[in-house]
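# Summary of the model geometry
Each chain is listed here by its residues.
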Amino acid sequence: MTITITVFERSPDRGRGLARDMRVRWALEEVGQPYDIRLLSLGAIKEPAHLKRHPFGQIPTYEDGDLVLFESGAIVFHIAEHHAGLLPNDANARARAITWMFAALSTVEPPIVERSMAMLVERDKAWYGQRLPLLEERVRQRLGELSRRLGDADWLDDAFSAGDLLMVTVLRRLDGSGMLEAYPNLRAYIARGEARPAFKRAFAAQLAVFDGKPSTG
Ligand code: GTB
């Protein structure tokens, strides 16, 4: 049974690999699992057929036989649990890698998303000029903390793991913001992730969808 993931038929990120299917594609590429894609429009993700897969009407979803999953973090965790390559075997190292997965999604991603959302939907509000610097300060705080912890290491905890995969995809959302300029080690960390062959394959596959030439991963 081939894995199927649901992705935007026309991603608002215009193929920059910033939508959350990118992390699922990357994880599948890291572990060498082929997959099919189901392309859905922004309208179709809110229709009953997709709401059965995803209660909040979003992408990505993941199907493997009878199993249907939503939430990119849970999907990446599932892939990492069932295939070698994304979580270490040593129990403590594995627990630390999982900790970094949660840190990426519940500590670092929220302020980054809040800033992006404000820029998208609050730009014309009276409070925007005061609110944006506050939101940017929250992002900078997390970047500073993460940068200090990473130091000159290649990855967050020894070997590359699903924790790094999620953290890199989260940090990539700041691409073009100028906010990463102050943290050369974070920029190098992102570049290391992007240089992985599995990342490149995943990126090319999602770009092919945007370019109208979708292929299976
Ligand atoms: N917590 C969920 C997860 O991790 O899977 C969040 C899923 C989610 O927000 N999905 C978005 C979605 O389906 C797409 S990725 N949105 C439609 C909706 O909620 O109605 C978010 C995204 C979209 C676009 C860009 N971009 O243009 O740069 C970046 C990220």
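Use the structure listed above.
Residues numbered from 1 in each chain as written. Predicted model: local features only at pLDDT ≥ 70, side-chain atom pairs only at ≥ 80, totals over all residues. Heavy atoms only, no water.

All right, on to the overall build of the protein chain then. Across its full length, the protein chain holds 8 helices and 4 strands. Order of helices (α) and strands (β) in the protein chain, N terminus to C terminus: β-α-β-α-β-β-α-α-α-α-α-α. Relative to the compact-globule value of 17 Å for 217 residues, the protein chain shows a C-alpha radius of gyration of 17 Å, a close match. In the protein chain, buried positions account for 48% of the 217 residues. (Helix = DSSP H or I, 4+ residues; strand = E, 2+ residues; numbered from the N terminus. Rg over C-alpha atoms; globule rule 2.2 N^0.38 Å. Buried < 20%, exposed > 50% of the residue type's maximum accessible area, 1.4 Å probe, protein only.)

The subject of this paragraph is empty space enclosed by the protein. Applying the stated rule across the entire model yields 1 cavity of 30 Å³ or more. Volume-wise, the largest cavity comes out at about 90 Å³. Lining the largest cavity are 16 residues; nearest its centre among them are Phe-8, Ser-11, Asp-13, Asp-21 and Gln-206. When contributions to the lining of the largest cavity are tallied by element, the ones reaching two or more residues are strand 1 (3–8), helix 1 (21–31) and helix 8 (197–210). (1 Å grid on protein atoms, 1.4 Å probe; cavity = no way out; pocket = protein on both sides within 12 Å on 5 of 7 lines; lining within 4 Å. Points joined across faces, edges and corners; volume = space filled by probe spheres on them.)

Another point: the packing of aromatic side chains. Scanning the entire structure with this criterion turns up 6 aromatic pairs. Ring centres of Trp-26 and Phe-160 lie 5.9 Å apart, and the angle between their planes is 35 degrees; this geometry places the pair in the tilted category. Within this pair, whereas Trp-26 is found in helix 1, its partner Phe-160 is found in the loop between helix 5 (128–150) and helix 6 (162–172), the two being separated by 134 residues in sequence. Take Trp-26 and Phe-160: they sit in the same class, and that class is buried. Ring centres 5.9 Å apart and planes at 65 degrees place the aromatic pair Trp-155 and Tyr-189 in the edge-to-face group. Residue Trp-155 is located in the loop between helix 5 and helix 6, and its partner Tyr-189 is located in helix 7 (residues 184–194); the two are separated by 34 residues in the primary sequence. (Phe/Tyr/Trp six-rings, centres within 6.5 Å; stacked < 30°, edge-to-face > 60°.)

Counted as a void, the largest pocket has a volume near 960 Å³. Leu-18, Ala-19, Arg-20, Met-117 and Arg-173 are the residues nearest the centre of the largest pocket, which is lined by 31 residues in total. If you list the elements that add at least two residues to the lining of the largest pocket, you get helix 3 (72–82) and helix 4 (91–121). Considering every element that reaches the lining of the largest pocket, the biggest residue donor is helix 4, with 8 residues. Looking at the lining of the largest pocket, its residues break down into 13 nonpolar, 8 polar and 10 charged. Here the second largest pocket is characterised by a volume of approximately 180 Å³. Around the second largest pocket, the lining comprises 13 residues; the ones closest to its centre are Asp-175, Gly-176, Leu-180, Arg-187 and Ile-190. (Nonpolar A, V, L, I, M, F, W, Y, C, P; charged D, E, K, R; others polar.)

Contacts to the ligand come from 14 residues, most closely from Arg-20, Lys-46, Ile-59, Glu-71 and Ser-72. In this structure, an oxygen atom belonging to the ligand sits 2.6 Å away from a side-chain N or O atom of Lys-46. Interatomic distance of 2.7 Å between a side-chain N/O atom of Glu-71 and a nitrogen atom of the ligand. Calculation on the ligand without its partners gives an accessible area of 680 Å², and the protein chains cover 75% of this total. When atoms are counted within 2 Å of each cavity's grid points, the one that captures over half of the ligand is the largest pocket. Counted by class, the shell around the ligand contains 7 nonpolar, 2 polar and 5 charged residues. (Near = heavy atom within 4 Å. Polar contact = N/O pair within 3.5 Å; in protein donor to acceptor, adjacent residues only side chain to side chain. Areas by Shrake-Rupley, 256 points an atom, 1.4 Å probe, with all protein chains shown as cover. Sits in = over half its atoms within 2 Å of the grid points.)

Taken by themselves, the reported measurements are silent on function.
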